[in-house]
Structure formats: C-alpha cells, structure tokens
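# Topology and contacts: notes
Given next are the chains, with one letter for each unit.
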Amino acid sequence: MASVPNSDELIFFVNGRKVIEKNADPEVNLLYYLRKVLYLTGTKYSCGGGGCGACTVMVSRYNPKTKKIHHSPVTACLVPVCSLYGAAVTTVEGVGSIGTRIHPVQERLAKCHGTQCGFCSPGMVMSIYTLLRNHPQPTLEQITKALGGNLCRCTGYRPIVESGKHFCAESTVCGLKGSGKCCMDQEERSFVNRQEQMCTKLYNEDEFQPLDPSQEPIFPPELIRMAEDPNKRRLTFQGERTTWIAPVTLSDLLELKANFPEAPLIMGNTAVGPSIKFRDEFHPIFISPLGLPELYFVDYTDDGVTIGAGCSLAQLNDALHLTVLEQPQEKTKTYRALLKHLRTLAGAQIRNMATLGGHVVSRPNFSDLNPILAAGNATINLISKEGDRQIPLNGHFLERSPEACLKSEEIVLSVYIPHSTQWHFVSGLRLAQRQENAFAIVNAGMSVKFEDGTDTIKDLKMFYGSVGPTVVSASQTCKQLIGRLWDDHMLSDACRWVLEEIHIPPAAEGGMVEYRRTLIISLLFKFYLKVRRGLNKMDPQKFSDIPERFMSALEDFPIKTPQGIQMFQCVDPYQSPQDPVGHPVMHQSAIKHATGEAVFSDDMPPIAQELFLAVTTSTRTHAKIISIDASEALALPGVVDVITAEDVPGDNNHRGEVFYAQNEVICVGQIVCTVAADTYAHAREAAKKVKITYEDVEPRIITIEQALKHNSFFSIEKKVEQGNVEEAFKYVDQIIEGEAHVEGQEHFYMETQTILVIPKQEDREMVLYLGTQFPSHVQEFVAVALNIPRSRIACHVKRTGGGFGGKVTKPAVLAAISAVAANKTGCPIRFILERGDDMLITAGRHPLLGKYKIGFMNNGVIKAADVEYYINGGCTPDESESVTEFIVLKSDNAYYIPNFRCRGRPCKTNLPSNTAFRGYGFPQAAVVVEAYITAVASHCNLSPEEVKEINMYKTINETTYKQTFNPEPLRRCWKECLEKSSFSARKLAAEEFNKKNYWKKRGLAVVPMKFTVGFPVAYYNQAAALVHIYLDGSVLVAHGGCEMGQGLHTKMIQVASRELNIPRSYIHLSETSTVTVPNASFTAASMGTDINGKAVQNACQILMARLQPIIRKNPKGRWEEWVAEAFEESISLSTTGYFKGYQTYMDWEKEKGDPYPYYVYGASCSEVEVDCLTGAHKLLRTDIFMDAAFSINPAVDIGQIEGAFVQGMGFYTIEELKYSPEGVLHSRSPDDYKIPTVTEIPEEFYVTLVHSRNPTAIYSSKGLGEAGMFLGSSVLFAIFDAVTAARKERGLTTTFTLNSPATPEFIRMTCVDQFTDMIPRDDPSTFTPWSIHVS
Ligand SMILES: Cc1cc2nc3c(=O)[nH]c(=O)nc-3n(C[C@H](O)[C@H](O)[C@H](O)COP(=O)(O)OP(=O)(O)OC[C@H]3O[C@@H](n4cnc5c(N)ncnc54)[C@H](O)[C@@H]3O)c2cc1C
Ligand code: FES
Ligand code: FES
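About the thresholds
Residues numbered from 1 in each chain as written. Chains lettered and ligands numbered in written order. Predicted model: local features only at pLDDT ≥ 70, side-chain atom pairs only at ≥ 80, totals over all residues. Heavy atoms only, no water. Pairing = 2+ DSSP bridges. Helix = DSSP H or I, 4+ residues; strand = E, 2+ residues; numbered from the N terminus. Buried < 20%, exposed > 50% of the residue type's maximum accessible area, 1.4 Å probe, protein only. Contact = heavy atoms within 4.5 Å. Polar contact = N/O pair within 3.5 Å; in protein donor to acceptor, adjacent residues only side chain to side chain. Salt bridge = Lys/Arg side-chain N within 4 Å of Asp/Glu carboxyl O. Near = heavy atom within 4 Å. Areas by Shrake-Rupley, 256 points an atom, 1.4 Å probe, with all protein chains shown as cover. Expected span 1.5 Å × (residues − 1). Disulfide = S-S within 2.5 Å. Axes fitted to C-alpha atoms, helices over the stretch in contact; angles between N-to-C directions. Parallel < 35°, antiparallel > 145°, perpendicular 65-115°, else oblique. Left-handed = near helix turned anticlockwise from the far one by under 90°.

A few words on the sheet that holds strand β27 (residues 691–696). Taken in spatial order, the 3 strands line up as β25-β21-β27 in an open sheet, and their pairing is antiparallel. The sheet terminates laterally at β25 (664–665) and β27, the two strands that pair on one side only. Here strand β21 (residues 623–629) runs beside β27; their pairing, made up of 6 bridges, is antiparallel. Paired with I625 across the two strands is Y694, which belongs to β27.

Written out as structure tokens, the structure reads:
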C-alpha cells in the first residue's frame, strides 16, 4: 500500500500475529490484503461479491460490554481491511497446517473425500471451523446452515456435509433406506457385505482426531486491552483516493455525518461493497461506526423488540429466536415471518456481516426483510445532530418517497418491531431460483388485522419485493379491501386489483414477467390460505378450515440435512495389502486442499516486475471496429501498456480462434485489447477507459432459429442412419412430431481462468503456469501467436480449480493473449479473469434444439425415429463440430430403434463461442431422446418406464454406426435401480400423495444411460508418461493428464504403486508439464485414467523388467537395495511409458465406425415434490446405479458420479443463462446464475457402483468423469412427472413441451390454474423482452 500522510496505524491480528499497517487503504479488501500483502494464499478468490464463500475467514471481536468474544464467518472479499481495527482474523492457515498440526475439521474434510479440486475447501473448512468455535457440538441443522453460503462445483456437497456431521452431538444415524438403522453401524455394514459383497465404508472414522476446543488459539489479550481502553479515539485511514473515518462515540458519528452527509456508513459492506465493485460507485469518504456500542443492543419491551441498527442479521435472528421462545405465539407472528426469511437470506457469512441498519437503509428491491418489517408496522429510530425522531418503515419509505426518507445527516439508531396481536396475521413469502442464498424472484410481506372476533378486514398490508426498482406496496388494493370478509370473493377481487396496481412492464429488467405476475397473486393466495387456517384455529366453530388437500400449500419445503449411502465392490481379500488399487484412497492433495497449502496458479508469489492484465471487451454483437483510443487509459497511474491485435508478432487467428479482435467484433465479450499495469486495480480502471468506436454490421445472429434462417453453420451436416425410416413411418400406429429446447450452461469452475506468463531473457523462451486441461494446446497457441517454436514454450499445470471442459480450449486463447502482452512489455504477466469476465468471455455448454418425428405402435414399440439436432456454437468454431458428432453418435442413448436417422449441425452465431462441457453434447441430446420417449408413453397411455423398458437395448447389439456392444450392464443398472429404489411402491405412494394434495405434487422418474468415453480419433487417445526412480528409492511420476479435482494423479499413484509393488508413499507426482511429456492429449472425455494409466503402467513395467534380474538375485531384498544395485549395474532408472491409444475411428461417409473403446452404463431414479403455486421443487431422493466395472478408486469414482449428478441436476433445473435479444449475457455472477448449493442436493442420496468387466481399460476399470451428468436428468423428468400430475388433475393435456432447464418459472407456468389464467399477457410484437432463449 502506498504511503499517505495523516493516516493512523491499522492494528489487527491475523492467525495470532499482530499486523500493523501504516498505510491502510480503504479501497483494499481483506481478501486482497491476505493474498497479496501477507501472502496467505489459502483464502481463495472466486467471485469477489460475497456469493461463493471461497474466501471465507473467521473474524473474532471482543465485546467490552458483554466481555465475550464473538466469532463470525465472513467473506473476505467484502471486508474492507480498514474495518478490522481491533479484530482477530483466522484464515485456513491459522486453523492448521501440515507442518504444525492438521485441525480435525481439515482432516475430516479430506478423509471424508470432501475435496476434489480443493478450491472451495479452505472456505468450507472456515465455515465449519467457525461454527465449531461457537458451537463445539453442533446440530445437524447447524452444519447444513453453516455451509449454505459456500459453493462447491465438484463434490455435490454430500461428503462435505458428512465431514461436518462427525462433529455433531446428536446421532448421525443415516436412517438406512428408511430402516431406522445406520450404514455406519458395523452390523449393518456386514449385513450389506454378506448379501452383496459390497462395501459402504469410504473412510475410517476411527482415524479421526478428536476435536479439542481447548487447543484453539486464544484471542489476543492485546485486542482485549484495546477494546477496553477508555481513551479510544477516532481513527482515520487515508488511502490513495479515499478516506476512512471510524468514530468511537455516537456524537462523533453524528458530527461526521453532518460534515460528510454523502459519505456512506460502512457496516457489513454487503451493499456498498458490491456497488463499488460491480457498479463503479465511488465514495471519497467512508464512515465506519462498526462496534459503536449505541448501535448494538436489543431491547425487549412489553409491546415489541427494539434492535440496534448495528446488529448483524445473524444477531437479529438470535434476538428474534429468543423472543419467539419467550412470548406467546400470537405476539410473534412478525418475528416468525422474519426468522423464516432469515434462514434462507444469503449464506451464513453474509448474515453475519450484513446489519439490520444497512439492510433497512439500502432498501434493496429484493429485500426479504423490509416487506415483512413494513407489514409488521416496524418503525425506524433516527438520530442526527439535530435530535432524534421516528419514521414508519412503510410503503412510502420503501418506495423511496423523498418525504419519507432519511435526511442525509441522519443515521438509523435502531428498528422497533412491535408484537403482533390476536386478530392480526403476518407472513413472509418468497420464491427464489434456489432455496437458500439466492435473491427472491418475488417475495412479499403481508399482514391483515381483523375486527376482533370476526373475519372482517380492519387493516391490510401487502408489500412486494423484486417486482420493480423498489419494494412496492399494494396500498390501493389494501385500502379497497377494508371492511371486506376474508373469503373467496375478497381473494378474487384482491388478485385482480393487485395485478392492476402492481404492473410489471413486459420488458422489465430481470425478465420472467408473466411468472412474476403470477407469483404476485400466487403468494397472495398462500397468504389467504394461511390466514384462513389461522382463523379456523382461533375459532373452529366460526371459521371454516381450508380443504385438507390445500394444507400442503401452506409451508415452504423444509431444509433437511442430506444423507445417503455409497456402495461399491470390496477388493479381493487376497489382494496384497500394500496394493492400493480398488481402495477408496483419499485424493493425494486432499490434506493440502483443506489446509490451503495446495498451490493454485495465482497462489504463486509475485515475480519481479510482474504486471497485471485486464481486458476491454466488445460491447457490440457484430460490428466493424472503427477506432481504438487508448490515450486516456495510458495516462492513468501504473499503466504500462495497452495491447491490441497489432502487437501480435505471429498469427492473431489460429484454427479460427481470434486472439485480439481485429477490424471487427463478432460477439459481445470478445477481447479487443488488454491493459498491462502495476496492479490489477490500475489495469481494470484503465481498461474501462479505452474508447472503441464501432459500426454495426448485419446480420446479428443470436439464436438457433436465427442461424437456421440465415443458413449460418460451422460445418456440414453429420448423419447416421439405419433401416428404412421413410418406409417404417408408413406402417406405424401413431406418429408424433415435436421439438425440445435445451439451454446452455456455465462451467462455473471455482477457480476462474488464471495464467501466469514469464518471458525469459534468452531465446524468447516463455514459461507459463496456468490451469488448463490441455497444456500442449496452450503451447501451440502461444507459439503461433509469438511465432516461435513450441520447444521454447514451457507450460506447467500443478492443478486446476475445476475444469469440466471449460479449460480445454479457452486457456490457449487466453494464454496467447497474455503471452503477447508479456512479449510486448518484456514483463511477467499475471492474468486472472474476474468471475464476470470469465462468464462473459469463455461461454459454456452448447444450447441445443432437437426436432423429432417418431413413429410407434400403440403398445409403445418405437419403429422409426427421425431426429435433427442443432447446437448454438457461438462465434468461432472451437469444438462445436466435434460436439455435434458426439451428439449424433450418442443419440440412441439406451434404445434400439430399428429405423433411425439422426442428423446434427453446429450453428454459427454472434454469441461468445461455446465449448466443451462435461458430457460433451450428450446431456443435451439425450434429454431430447427421453422427451420423445415420454411423449410416446403419454400417447400410448403407458408409463415412461414401460416405454423405456420396451425399447431398451436388450442383447448384444449393433449401434446405428455398426459398433457391436453388450448392453448387459445397462440392463442390470436399470433393473437394480428400479428394484432397489422401490420405484413401483414409491410411484404408488406419490400417486396417493398427489390425490391428497392439490397444490403440491410428487413425481418420480428413472432414466437409463448408455454413455461413451474417448474420442473417435485414434491419435487423441494416445498418452505418455515419464517415470524416474531416484537412488533413495523414491519415484517421480509424470504423465500428460491434468489434475483438476477428478483424482487423476491419485489414481496414477495407485497404478504406479501396484506396478512397482511399492507403497504409495514412495511415489510422488508433482505437476503436468510440456517439458516432461510433450504433445499430450487433452484431459477430457472421461479417459484421463484410461490412457495415462496405461502409459504409467507401461513405464513402470519397463522399469520392473529392468529390475527383475536384480530382484531375482536378491528376492528378499528391499526396494531401496534393488534400486541401488541397479544403479551400480548401470541400469537406467528412468523411462518413458507410452500408450498408443484406442484404435477408434468414424467414417462419416459410410456412417460406420468403431468410434469409442467401450460404453459406460447407468440408471438413476429421482423423486421430487413441486410447489405448483410457486414453481419451487424439492429433490427428495435419488438412487444411482453406475456401471463402474472395477473401480480403481471407489471414493474418487463415487465423487465423480455425485459431483456430475449435482452439476447435471443444476443444468436441468436451476442454472439459467440470460441473454438479451442483442446477445449480451446478463448472468455474470453467482448472484444471477445459480448453481446448486447444499440445500439442492437429494435429501436421500444413494450411489452404487455396479460391477462388470471391461478388459479394454486398465485393471478392467471404466472412465466415469462425465457419465453422472446426464443422470441429473432424472430430476428433470421427475419434475415433468409431477407437473403432469398437476395438469391431469386440472383437466389439461398431459403432453406439453419438455424443455430444459425446468426452472421454477417453467414449473409454475406449466401448472396452469386460475392464477396463471388471471395475469395480463402482452402481445410479443409490442415490446423487446429483457432476455431470450438462445436454443
Ligand atoms: C452475496 C449477497 C447475498 C445477499 N442475499 C440477500 C438475500 O437473499 N435477501 C436479502 O434481502 N438481501 C440479501 N443481500 C443483501 C443484504 O441483506 C444487504 O446488503 C445488507 O443487509 C446490507 O447491510 P450492510 O450492513 O452490509 O450495509 P452496508 O453495505 O454497510 O451499508 C448499506 C447502506 O446503508 C447505509 N447504512 C448502514 N447502516 C446505517 C445506519 N445505521 N444508519 C444510516 N445508514 C446506514 C450505508 O450508508 C449504506 O448506504 C445479499 C447481499 C449479498 C452481498
Ligand atoms: S470470492 Fe468472496 S465470496 Fe466469492
Ligand atoms: S472441490 Fe469444491 S469446488 Fe472443487
């Protein structure tokens, strides 16, 4: 931090060490300070906006009033470092480390297999650790609650929750499939063993160290002294552009506020922080009254509770909870409504940071609390130098009427929330894309007061959030209803009037207009029911109850702690105990992940003279670049250079991928230039100042439909065909034609794209450290951009914080861009994409349109299918052609259709270029297959399962492209899935439930899967390894595969251990590099272990062959002795290993081939419950049966299956990319793109690895990295099943378009009812919607 005069010293502690910062800058956040100033890189950056939890740390403060120490989890990215005066910060490094002592939290997370890529792990550790500091024996609920603000994209959360459960005081009984027994129980386990020779034990909890709270570091006594110092004085921290002032008395605060009325009060910084970061707000002065005693109090009186404005939402929660326990129910309706929303508002970190005062004053339009506070007649106590006053927290305040607002010199001292009364009902209602940690799509606070003893409305209040720029009050409607009885007529009028009063314009920001309109009245209806039920409870004689079938509409889905069992084949008891193959070995870096010692690219220390890179991207869809004016950017402090296409010494366009836009831009988000500066903040500021002028060019193609219209494709059509499709259509009983749209998906790897390029002085060498799945591709692109031989470019990949396909091709383009900057400036370049840029620039899964014509008999037998697929490839070729080929080749999924034609074509559009994503087209295409199977079932009056069974491959068969395969494992997975999930019985139970419940419906679905690994191009399947044996007997293994969390290196160590017959501890695997293994293929297509395993095996076998004569001479010798002897006999102890690859091919001309080495089969059954009124759904249970053949590492494989399933479930349900009609991606952060959290995963989650044989792959294993993704569609189809039940009951047709994702919007709008019928509809030709579908 630069030195500035007149600044106080900032004193705080980090991990027990005192930090004295003489130049504290108010613009610097704790995350930056930890990582870049203190070099504590365990805490990770992933979103920068408080939305992911990767940066979670614990902040502890001493309260001199209560003499207590409070520990809070916070997201360091939103904590201004200046706010930490007097605080003790604990980071993952302070919790435990390998060098000192690993903390039980870290140990259990690692050993329970709760880490994969490890990027989220430090945040997870900190969330659980902080919980344990406050509650050493937490409840199960507290564990789930503590993790709600932490995203993980790899594991599917189950093992993370499980690691936390081991700390719980209460029993962690899993309730083994409803038996009330536990899988952790020895007897139960052996029961399972005896029956199926299966294991369920993925780790040994007996190894866990006990938690000993007395071992935790003490709070620094110096901070206690500082807090108790009676002579505390105002502090001022002067930064480069801003000043931070921290008053210590209320009068000082009021003085400051009078002097600087425009300065924000920084409390939790969860509203101001994001506004500065994402909306370019600037404040020269910040006032921070954090810790001012007058703002922190709770005052319980006879008629209500007054809560200090400085209390965090977590403290508010505790205070209300206490009141609810102590007061009679009738007085606590407002508190209970608030508590309900406080449970799901953001995650634990934000709830601990955000304050009540900050929440009330910032008045977010999506506020979950303000509508309830207003409905509950809360008032705000204000104070200024001029005196104090109260204002009502009412509609005028929330709608920001100037006369109802705070004066700029006023502050909120507290908020008073009165008790509710006997004939008074208060409720909070909300619906969000995800149950927890998601802004509401619509929320509401409602209250009604009746004339005593009657249901005549005396007062009514309705406030809605997320329906406009502010929370709005339906005051006119409420006024009109005064005096009315609480009956159906009133409801009907209320719905009509509220829709007239609250108008969401058709082009409103946020979209989902008709859905939001529907929610306005659906939530009102819920309130209506709740009140009627409440009245009935008060006087059953006078007020009739609501129908029994409506009861379940009253409650939101409960949040439960997930549980489950994982089953896998036990290893052969005769296998050598030293041989780790087949054992659930922990990820080789798991402990390092959990301690934060695993080094990711941006964790590498700064390099002398390094510069940071920021991007300026295109704001136009398709336009000519007229000029680029960088003069203003270049003039800014710290800026070294602006780099454009003109600076590329080699080719700026390679394989159709453009590095820097040249002459034209072809999508919004294309990189036009980069700015290199001494800090990222400087680079970013400058990048915003680059002025680019454009001239729009036609056409601008965004959607597949537009691409078809313009005949805009990347390649010719790919086709496979069998039988005689046209002829077969003539003889079928029925023909259906339809379409299915599947939208795209964002990878959302937790580590954004990260590249460190170091230009060398000599020979134009470049060294790159980055996260990629394809280092040789990076090498190729950099060589081409710089016009130097590849041999001078070294790419190193230690590990990657998640890839999922998003780091196959994209890092090469970004590396080329960075290398050009390094080449031009001569300086090392650090290029870390911010989350928003990453989402915008790198795109994701291809949106897909499937069109089908299906001919079938009335008994459900499908005779003919003609299917066309189109994918939205975006603006450059990337891998769209090969994704199309995969789609076409895999388009039969598990079904034999004798007359079958499938065609596919990638569309060229003006969106950022879509790329590889786990499953590579299959998860999109197979949904279309399941959709038409479901449609056939509906037309034949059969269940989808019957039609699936009828048409499923049954015996050894040939695919459409004439590859022979044996579907026996498919049949087994399918059968076991149906049986073990008790599908039929549960289906009946769901039907019963549906009969009894009108507004909630349950649905079940089973999907079968035939998937593939590898590539139809033989040379892609080759791999090499390099194994060195050193003279102390230690072994270094290198291979061409990249570790991105999938446990590849762990499995490679298992392979080497078996082949060399030495313990794993002898073997080290350091990194992947183009220096050790050249020309390696990508780590993708589920074949990482297959091909690299064979290469490692080959190398080890070569070495063992060399050692054999020595071993024979001294069979009882030790490994070290043999190695020493070999060296003395001049036997080489190093070799490469090679695997030529599977000899796959596909002849598209002949439509014939052997494109895949083998198939992976599976089946999954899911059960959901949907709320027809809101569109929310709850995943009750999932059973997965996956053909793993022989699993080399069941923990890793189950982790892949569960992680992929949850990622798939997200894709098919809640993950929704929003594009404007001009192709601008709106969803660029975890705030507006929702991946699953711990609350979305199945309440019961059972995974079984089914044993089969696979002689093709190493140790008869199978590649399982991607297969689980499609199984997530069982949730989609279970939702359809539930929606179908609702539609049937409402007398609607049961054939409706099955699109993906089945979002709450889709569910609600498909469950058509009187409310959806009531909303105003707009003529689509009269407005431009905020967002469109691009599939
Ligand atoms: C990741 C994330 C998720 C979120 N999810 C939700 C959600 O699901 N639902 C929801 O309702 N909200 C959500 N929020 C919003 C959150 O509730 C608010 O940002 C928060 O309550 C603001 O409080 P704060 O203390 O952080 O305010 P700050 O950012 O510190 O201040 C906000 C504003 O209030 C003013 N202010 C603060 N205190 C006072 C005072 N005592 N007197 C006068 N002015 C004052 C400041 O001057 C400033 O203008 C989320 C926020 C984040 C970052
Ligand atoms: S990086 Fe801080 S919450 Fe995501
Ligand atoms: S392990 Fe959680 S994000 Fe990778």
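For helix α3 (residues 104–111), the buried fraction is high: 8 of the 8 residues fall into the buried class. Along α3, the positions that sit buried rather than exposed are P104, V105, Q106, E107, R108, L109, A110 and K111. Looking at the packing, one finds that the buried side of α3 touches α2 (92–95), α4 (121–134), α6 (158–165) and α20 (590–595). Positive backbone phi, approximately 65 degrees, marks H113, located one or two places after α3.

So, on to the environment of S981. The residue S981 is located in the loop between α31 (968–980) and α32 (983–996) in this model. Judged by its relative accessible area of 0%, S981 falls in the buried class. Sequence separation between S981 and D1183 is 202 residues; the distance between their C-alpha atoms is 6.2 Å. Once you skip the residues sitting within four places of it in the chain, S981 turns out to touch E976, R986, C1165, R1181 and D1183. Polar side-chain contacts of S981 include one of 3.4 Å to the backbone oxygen of L978.

What follows covers the pattern of salt bridges. Oppositely charged side chains can form a pair if their charged atoms are brought close together. For the structure shown, the criterion picks out 78 salt bridges. When the shortest N-O distance is used, the salt bridge between E222 and K18 registers 2.5 Å. Placement of E222 in helix α8 (residues 221–228) and of K18 in strand β2 (residues 17–21) is noted, with a sequence separation of 204 residues between them. Look at K18 and you get partly exposed, because its relative accessible area is 38%.

Spatial ordering of the open sheet is given by β6-β19-β49-β48-β47-β39, a layout of 6 strands whose pairing is mixed. Two strands close off the open sheet at either side, each with one partner strand: β6 (198–199) and β39 (1000–1012). Two strands pair when backbone bridges link them, and β6 and strand β19 (residues 563–569) are joined in this way by 2 bridges, in the antiparallel orientation. Paired with C199 across the bridge in β19 is F568.

Looking along the chain, the bond that leaves E698 and enters P699 is cis, with omega of -5 degrees. Tracing the chain through its elements places P699 in the loop between β27 and α23 (704–709). Backbone torsion omega between S1300 and P1301 reads 5 degrees, so that peptide bond is classified as cis. Structurally, P1301 can be placed in the loop between α38 (1273–1289) and α39 (1304–1310). The phi dihedral of N941 falls on the positive side, at around 60 degrees, and the residue is not glycine. Tracing the sequence through the fold places N941 in the loop between α29 (922–940) and α30 (944–951). The class for N941 is exposed, based on a relative accessible area of 72%.

This part takes up the site of ligand 1. The environment of ligand 1 is made up of 32 residues, and the closest members are M267, T270, T355, D368 and V412. A distance of 2.8 Å is found between an oxygen atom of ligand 1 and a backbone nitrogen or oxygen belonging to M267. Note that an oxygen atom of ligand 1 is positioned 2.6 Å from one of the side-chain N or O atoms of T355. For ligand 1, whose free accessible area comes to 970 Å², the fraction covered by protein is 94%. When residues of the shell around ligand 1 are traced back to their parent elements, those giving at least two are α14 (356–362) and β14 (411–418).

The next point concerns the pairing of strand β20 (residues 611–617). Looking down a regular strand, the side chains alternate between one sheet face and the other. Burial within β20 is extensive, with 7 of its 7 residues counted as buried. Where burial is concerned, the two faces of β20 agree: the one with L611, L613, V615 and T617 and the one with F612, A614 and T616 are both buried. With 2 bridges joining them, β20 and strand β33 (residues 829–832) adopt parallel strand pairing. Considered in β33, the bridge of F612 is made with R830. For β20 and strand β26 (residues 671–677), the ladder comprises 6 bridges, and the chain directions are antiparallel. The residue bridging T617 from the neighbouring strand is I671, located in β26.

To continue, consider helix α19 (residues 513–538). In this model, α19 (26 residues) spans 38 Å end to end at C-alpha, consistent with the 38 Å of a helix rising 1.5 Å per residue. Here α19 lies mainly inside the structure; 22 of its 26 residues are buried.

Here a disulfide denotes a covalent bond joining the sulfur atom of one cysteine to the sulfur atom of another. If you walk through the whole model with that rule in mind, you get 1 disulfide. Its sulfur unpaired, C875 is 3.7 Å from the next cysteine sulfur, which belongs to C667. Here C1172 is not disulfide-linked; the sulfur of C1311 is the nearest cysteine sulfur, at 4.0 Å. Look at C1172 and you get buried, because its relative accessible area is 0%.

Quick look at the packing of α29 against α30 now. One can describe the packing of α29 onto α30 by two numbers: an axis separation of 8 Å at closest approach and a directional angle of 110 degrees. Of the possible angle classes, the one that applies to α29 and α30 is roughly perpendicular. Classified by chirality, the crossing of α30 by α29 is right-handed. Judged by residue contacts, E930, I933, T934, V936 and A937 of α29 engage P944, V947 and K948 from α30.

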